[in-house]
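Tertiary structure, described
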Amino acid sequence: MPSMIAQIRLVSSHPEVYEPCEDSFALVDALLADRSKLLEHRPALCLEIGCGSGYVITSLALILGHVEGGAHYMATDINPFAIQVTSETLEAHGVYAELIRTDIASGLEGRLGGSVDVIVCNPPYVPTPEDEVGRDGIASSWAGGENGRRVIDKILPIADNLLSEKGWLYMVLLTENNPSEICLHMREKGYASRIVVQRSTEEETLHIVKFWRDSDIQLETDENRSKNRNVQLSKANSLRFPFRRQASIVVSLRQTFQVSALFMNSWNISDYDMPFSLA
Amino acid sequence: MKLLTHNMLSSNIKGVTNGFPLGIEAEKVIERSVDMNPDFLKNMFSKIEWKPLVEASRIMGYSDLPEDVPDSSVLDSEEFLRKFHHALLEIHLEEGALVCPQTGRKFPVNKGIPNMLLHEDEV
């Protein structure tokens, strides 16, 4: 039986291309955890922004291999070596994706807006000096500027534009990126969010966050938004996650803080005992 | 690069208001057969700009698509689906360029991969 995800020994490499690491594995684990939902979702168009080695888009294509209705895969990267390596990785696994060398999704936004059913993205999230952002080669795979947010904050509105009504976005975020603030920001645009996988390594704590449009979320008026935003952000900042709390404290947090409701509402405890914890 | 992708790409140069469809300069065209999936084709039909697909196919050497935008009832025709499938997914631009319809700027396509990166003064 063919492997359901990309095999490391078949993943191509190049000195200027980020190799699959914990963050890539966590993202693919999140896709695997959501596999039955993804198959039910029946995505027609799938896109990876920043495909690097090709490990993730190859895995997505293998996971969705027999999706009813068929799916078309696209992947972008700014780094020409990454495009080449992804092409080799895809071929070694016998799957296909259309590759485009571009910055995020430049050139696709005009026509592809509102059409993409699944976007996966492992962005350059490492906090670095601002002048490291936008360099060539492998630096483009990790340099994220202040709080690691420079590129993430460019990607989010583009993903919002590209996603179809039923579209899902899976994104790798680091604690230092302040995921709770990102989720609040996306909530203002009508997105619910859920942490599908949380994983701590020696250096970092990774969150794989899934975003989807939720019609239950009332889009706030501009006036309310600016009024609420300051309050919510200060709460969000005080809720630095990840951190571990007793269940009873989580319940009281749920009652106390509007911000936590954003995650609580969409928890799916059946997937994981504790998809993430507030801190 | 498949023509499905060509149908989804537009010129992203700053100031360009009408960047679709991109022209095609075809130096090398290849065909790769893939399994046909009628559900996928029916899904894509509503997203495709028909005339640009017909024109792109013709440039790539395939002229069997109906000229005018077909009514969605054609999706019941196996013959139509086969042609649509072939044009959309089996014809690849391997070497050549995509051309901005407004400025004439060329985006190179090498080994089947379009390079949509802009120069600093185009962003």
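About the criteria used
- Residues numbered from 1 in each chain as written.
- Chains lettered and ligands numbered in written order.
- Predicted model: local features only at pLDDT ≥ 70, side-chain atom pairs only at ≥ 80, totals over all residues.
- Heavy atoms only, no water.
- UniProt positions renumbered as here; feature names shortened; annotations may be inferred.
- Buried < 20%, exposed > 50% of the residue type's maximum accessible area, 1.4 Å probe, protein only.
- Helix = DSSP H or I, 4+ residues; strand = E, 2+ residues; numbered from the N terminus.
- Pairing = 2+ DSSP bridges.
- Contact = heavy atoms within 4.5 Å.
- Buried area = accessible area lost by both parts, 1.4 Å probe.
- Salt bridge = Lys/Arg side-chain N within 4 Å of Asp/Glu carboxyl O.
- Polar contact = N/O pair within 3.5 Å; in protein donor to acceptor, adjacent residues only side chain to side chain.
- Nonpolar A, V, L, I, M, F, W, Y, C, P; charged D, E, K, R; others polar.

As recorded by an unreviewed UniProt entry, chain B carries the name Multifunctional methyltransferase subunit TRM112-like protein and is attributed to Heracleum sosnowskyi. Under the UniProt heading Sequence similarities (unreviewed entry), the note attached to chain B is "Belongs to the TRM112 family." The UniProt entry for chain B carries the following text under Subunit (unreviewed entry): "Interacts with TRM9."

Looking up chain A in an unreviewed UniProt entry gives the name HemK methyltransferase family member 2, with the organism given as Heracleum sosnowskyi. Recorded under Subcellular location (unreviewed entry), the UniProt text for chain A is reproduced unchanged: "Nucleus". Looking at chain A in UniProt, the text filed under Sequence similarities (unreviewed entry) is "Belongs to the eukaryotic/archaeal PrmC-related family."

1. Quick notes on the pairing of strand β3 (residues 106–110) of chain B
Residue and element names in this part refer to chain B. Only one face of β3 is covered, namely the one carrying F107 and V109; the face carrying K106, P108 and N110 has none of its residues buried. Pairing of strand β2 (residues 91–99) with β3, which is carried by four bridges, proceeds in the antiparallel orientation. If you follow L98 over to β3, its bridge partner there is F107. Bridging between β3 and strand β4 (residues 113–114) involves two bridges; their strand directions are antiparallel. Across the sheet, the residue bridging to V109 is P114, located in β4. Hairpin connection, β3 to β4: the antiparallel pair is bridged by two residues, and K111 has positive phi, about 50°.

2. A look at the interface of chain B and chain A
Residue-level contacts link 27 residues of chain B with 24 residues of chain A. In this assembly, chain B packs against chain A so that about 2100 Å² is buried in total across both faces, 58% of it on carbon and sulfur atoms. Its largest share of buried area at the contact with chain A, chain B owes to M8(B), I113(B) and L117(B), together 27% of the area lost on that side. For the interface between chain B and chain A, the tally reads zero salt bridges. Our count for the contact surface shared by chain B and chain A stands at eight residue pairs in polar contact (both at pLDDT 80 or more). Among the elements of the structure, α1 (3–8), α2 (38–45) and β4 of chain B are those that each provide at least two residues to the side of chain B that touches chain A. Tallied by class, the residues present in the side of chain B that touches chain A amount to 13 nonpolar, eight polar and six charged.

3. So, helix α3 (residues 55–63) of chain A
Residue and element names in this part refer to chain A. Taken across its nine residues, α3 has nine buried, putting it largely inside the fold. Turning to α3, its buried residues number three or more, namely Y55, V56, I57, T58, S59, L60, A61, L62 and I63. Structurally, α3 contributes buried residues whose contacts are with α1 (22–33), α2 (35–41), β1 (45–49), β2 (72–77), α4 (80–92) and β4 (116–121).

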